[in-house]
Amino acid sequence: MPGGRVGGADRWSLPDPAERDLQVFWSVGATDSGTHRDETESILIVVSGRKTVHLWHQRAPCGIGAGDRNRSLDNERPDGTLVLEAGAALHIPKGMWHRISSAAGTLAFSVRVADATAFAACK
């Protein structure tokens, strides 16, 4: 496993993809995420380029499984559309349906936000 050791202890290692807190998106060409919802709160940060985000207010129920997260909303008009340029950030709540397209050459980060109150509502 990649990483390092300092004084006999692990210094760092790459997390399992299901447990990562940061994703990096670099679009060589134009891209489209397809309509989906995520199991965590996240903040999308555009470093360069442009992302168009379509949002639907319908939220997923607690306990959604990864296999249930995709849905075709192509014929349904989004409740909102935002164009994010370099330097912009957007909070995407857990379970919110969204679709993101990126212009060629776009660099962005998505940071997962753990919120204990969100998990308490699912108990």
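Conventions adopted
- Residues numbered from 1 in each chain as written.
- Predicted model: local features only at pLDDT ≥ 70, side-chain atom pairs only at ≥ 80, totals over all residues.
- Heavy atoms only, no water.
- Helix = DSSP H or I, 4+ residues; strand = E, 2+ residues; numbered from the N terminus.
- Buried < 20%, exposed > 50% of the residue type's maximum accessible area, 1.4 Å probe, protein only.
- Contact = heavy atoms within 4.5 Å.
- Areas by Shrake-Rupley, 256 points an atom, 1.4 Å probe, with all protein chains shown as cover.
- Core = buried A, V, L, I, M, F, W, Y, C linked by side-chain atoms within 4.5 Å.
- pLDDT = per-residue confidence, 0-100.
- Polar contact = N/O pair within 3.5 Å; in protein donor to acceptor, adjacent residues only side chain to side chain.
- Pairing = 2+ DSSP bridges.
- Axes fitted to C-alpha atoms, helices over the stretch in contact; angles between N-to-C directions.

A short note on the overall build of the chain
- Scanning the chain for helices and strands turns up one helix and ten strands.
- The N-to-C order of helical and strand elements in the chain reads β-β-β-β-β-β-β-β-β-β-α.
- Considering the chain as a whole, with its 123 residues, one finds that 28% of them fall into the buried category.
- If you take every contact in the chain between residues at least 6 apart in sequence, the share linking residues at least 24 apart comes to 87%.
- Surface summary for the chain: the accessible area is close to 7800 Å², and the carbon and sulfur share equals 55%.

Section: the nonpolar core
- Core analysis: the largest hydrophobic core is formed by ten residues, namely L44, V46, V53, L55, L84, L90, I92, M96, I100 and A108.
- Within the residue set of this core, elements represented by two or more residues are β5 (41–48), β6 (50–59), β8 (89–92) and β9 (96–102).
- Look past the residues within four positions of L90 in its chain and what remains in contact with it is S42, I43, L44, V53, L82 and L84.

Some points on the confidence of the model for the chain
- For the chain, per-residue confidence averages 75 on the pLDDT scale, and 61% of positions sit at 70 or higher.
- Highest mean pLDDT in the chain belongs to strand β7 (residues 80–85) (96); lowest belongs to strand β1 (residues 3–6) (45).
- Low confidence marks residues 1–6, where pLDDT is under 50. Its contacts with residues over four positions away, or in another chain, come to 14 contacts.
- Contacts for the low-pLDDT stretch residues 63–67, under 50 throughout, to residues beyond four places or in other chains number six contacts.

Comments concerning the side chain of S42
- Of note, S42 is situated in strand β5.
- Each residue touching S42, except ones within four places of it in the same chain, is listed here: L90, H91, I92, S110, V111, R112 and V113.

A look at the side chain of S27
- Position of S27 among the secondary structure elements: in the loop between β3 (22–26) and β4 (31–32).
- Residue S27 is classed as buried on the basis of its relative accessible area, which comes to 3%.
- Among the polar contacts made by the side chain of S27, one reaches the side chain of T31 at a distance of 3.4 Å.

Digging into the sheet that holds β5
- Reading across from one edge, β3-β10-β5-β8 is the order of the four strands in this open sheet, with antiparallel pairing throughout. Single-partner strands in this sheet number two, and they are β3 and β8. Here the average twist between neighbouring strands, direction ignored, is 20°.
- Alignment of β3 against strand β10 (residues 107–113), held across five bridges, turns out to be antiparallel.

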